[in-house]
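Now for the letters of each chain:
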Amino acid sequence: QLLGNQDHIKVELEKLKKAHDEQQQKLEERVLALGKELQEAKGAIGDSRHRLVEQSAVLLTSQNRLQEVEAENSRLQLRLKELNEEYRSRLARYIRDVANYMDSKPSSVPGHSKAPAGQAAMKHFVDSMLGDIRASYKSREEQLARAARGYKKRMKDLAKKHENLLIAYGLQREQIRSLGSSAMDCGPAELHFSITDPELLTNSSRELNRLREEKAKLEMQLQELQKGLDLMSGHDPNELFCPRQLDEEGWAEVRKKLREFTLNTQEELEQQRSQLLTQAVVAEEQVSELQGYIDQHLAR
C-alpha cells in the first residue's frame, strides 16, 4: 500500500511544500512591511526630535529676551513712578502757592474788603481738591496692588501645574524606559523643562530641580556605561542577541531603584510643598489683614 500510494504522498508533499512556501513568502512580505513601518516611525521620531530641539532653542531665546524686557519694563515703571511722585509734589506746591497768593491779594471791588473768614477760601478749596486727588491716587494704587497680587497668584498656580506636568512627564519617561529597550529615545530629561525664574521657585522646587539635575547626571553615566559595555562586547549596539542583553536584568534593577528613589523623594517634597503653600496662603491673608488695619487705623 505504501508503494502504491507514493504518487499520492508526493502530491501531498508538493501541496505542503507549496503552502509552506506561500506562508514563508507572506511572512517575508510582512517582515519587510514591518521593517518599512519601523523605519518610517524612526524617521518621524527623528523629525519630531529635531523640531523639538529647534522649538526648545527658540523657547530659550524667547525666555531670555522676555526676562530682559521684563527687567527693562520694571526699571521704566520705577522711573515713571518716581517722575510721577515728583510731578505731583511740584504741582501741589505750585497750587498752594497760587492759593496763598490769591488769598493774600486785596479785593479789587472798591469800598469792600475781604472778611477774615473768607481770606482762606481759595486755600480751603485747594486743600479739598488735593485731598480728592490723593484719595483717587490711593484707590488706584490699591487697585494695582490687588491686580499684582492676583497676577502673582496666577503665576504660582501656573508654576504648580507646570511642576505637576513635569512629574507626570518624568513618570512617563521611566515607564517607557522600563518597558522598551535601552536604545529607545525617551525624550529630553525633566531638567530641560524646569522653571529657572527665581521669583517662581520655592524651596521644594529648588530641591526638585537639584534632584532632577542629579538624575540627569546618573542617566548620562548609565548611558556611558552601556556604551562601554557595547564596545567591550565587540558587537553593534543595535544588533539583536548581543551579550549586553544578558545584563538587562541588572540594568532594569538599577532603573527600578532610581525610579523608586525619585518617586519617594518627589512624594515627600510634594507634601512639604503643599504644607509650605498652605502656610504661605495663611501668611498672605494675615499680611492683608494687617495692611488693612494699618490703612484704616494707624494712618489716621
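Residues numbered from 1 in each chain as written. Predicted model: local features only at pLDDT ≥ 70, side-chain atom pairs only at ≥ 80, totals over all residues. Heavy atoms only, no water.

Draft legend 1. Summary view of the overall build of the protein. Broken down by element type, the protein carries four helices and zero strands. Order of helices (α) and strands (β) in the protein, N terminus to C terminus: α-α-α-α. When the 300 residues of the protein are sorted by exposure, 14% land in the buried category. Sequence-distant contacts in the protein: of pairs separated by 6 or more residues, those separated by 24 or more amount to 62%. Counting every atom, the protein has about 23900 Å² of accessible surface; 58% of that belongs to carbon and sulfur. (Helix = DSSP H or I, 4+ residues; strand = E, 2+ residues; numbered from the N terminus. Buried < 20%, exposed > 50% of the residue type's maximum accessible area, 1.4 Å probe, protein only. Contact = heavy atoms within 4.5 Å. Areas by Shrake-Rupley, 256 points an atom, 1.4 Å probe, with all protein chains shown as cover.)

Draft legend 2. Just the packing of aromatic side chains, in detail. Under the definition given, this model contains zero aromatic pairs. The ring of Tyr-137 has Arg-88 lying over it, and the distance from NZ or CZ to the ring centre is 3.7 Å. (Phe/Tyr/Trp six-rings, centres within 6.5 Å; stacked < 30°, edge-to-face > 60°. Lys NZ or Arg CZ within 6 Å of the ring centre and 35° of its normal.)

Draft legend 3. Here's a closer look at the packing of helix α1 (residues 6–104) against helix α2 (residues 121–179). One way to put it is that α1 packs onto α2 with a least axis distance of 8 Å and a crossing angle of 165 degrees. With respect to α2, the element α1 is oriented roughly antiparallel. Once α1 is placed against α2, the crossing between them reads as right-handed. On α2, the residues that touch Glu-85, Arg-88, Ala-92, Ile-95, Arg-96, Ala-99, Asn-100, Met-102 and Asp-103 of α1 are Ala-121, Met-122, Lys-123, Val-126, Asp-127, Met-129, Leu-130, Arg-134, Tyr-137 and Glu-141. (Axes fitted to C-alpha atoms, helices over the stretch in contact; angles between N-to-C directions. Parallel < 35°, antiparallel > 145°, perpendicular 65-115°, else oblique. Left-handed = near helix turned anticlockwise from the far one by under 90°.)

Draft legend 4. Region of the structure containing a nonpolar patch on the surface. On the surface, a cluster of nonpolar side chains totalling about 500 Å² of accessible area is made up of Val-98, Tyr-101, Met-102, Met-122 and Phe-125. Residue assignment for the nonpolar patch shows that the elements contributing at least two residues are α1 and α2. A per-element tally of the nonpolar patch places α1 first, with three residues. By the secondary structure assignment, Met-122 is in helix α2. With a relative accessible area of 30%, Met-122 lands in the partly exposed category. (Patch = residues over 30% accessible without salt bridge, like charges linked within 9 Å, V, L, I, M, F, W, Y side chains within 5 Å. Salt bridge = Lys/Arg side-chain N within 4 Å of Asp/Glu carboxyl O.)

Draft legend 5. Structural detail: the UniProt feature "coiled-coil region" (unreviewed entry) in the protein. UniProt's entry tags residues 6–93 and 201–228 with the feature "coiled-coil region" (unreviewed entry), counted in the numbering of this structure. The span residues 201–228 shows a helical share of 93% and a strand share of 0%, and its end C-alpha atoms are spaced 38 Å apart. (UniProt positions renumbered as here; feature names shortened; annotations may be inferred.)

Draft legend 6. Here's a closer look at the pattern of salt bridges. Considering all chains together, one arrives at six salt bridges under this definition. The residue Glu-82 makes a salt bridge to Arg-79 at a minimum N-O spacing of 3.6 Å. On the criterion of helical spacing, the pair formed by Glu-82 and Arg-79 is a turn pair, its members being three residues apart in helix α1. Here Arg-79 falls in the partly exposed class, since its relative accessible area comes to 47%.

Draft legend 7. Looking closely at α2. With 59 residues, α2 ought to run about 87 Å at 1.5 Å a step, and its terminal C-alpha atoms sit 87 Å apart, in line with that. Among all positions in α2, only Val-126, Leu-130, Ala-159, Glu-163, Leu-166, Ile-167, Gly-170, Arg-173, Glu-174 and Arg-177 are buried. (Expected span 1.5 Å × (residues − 1).)

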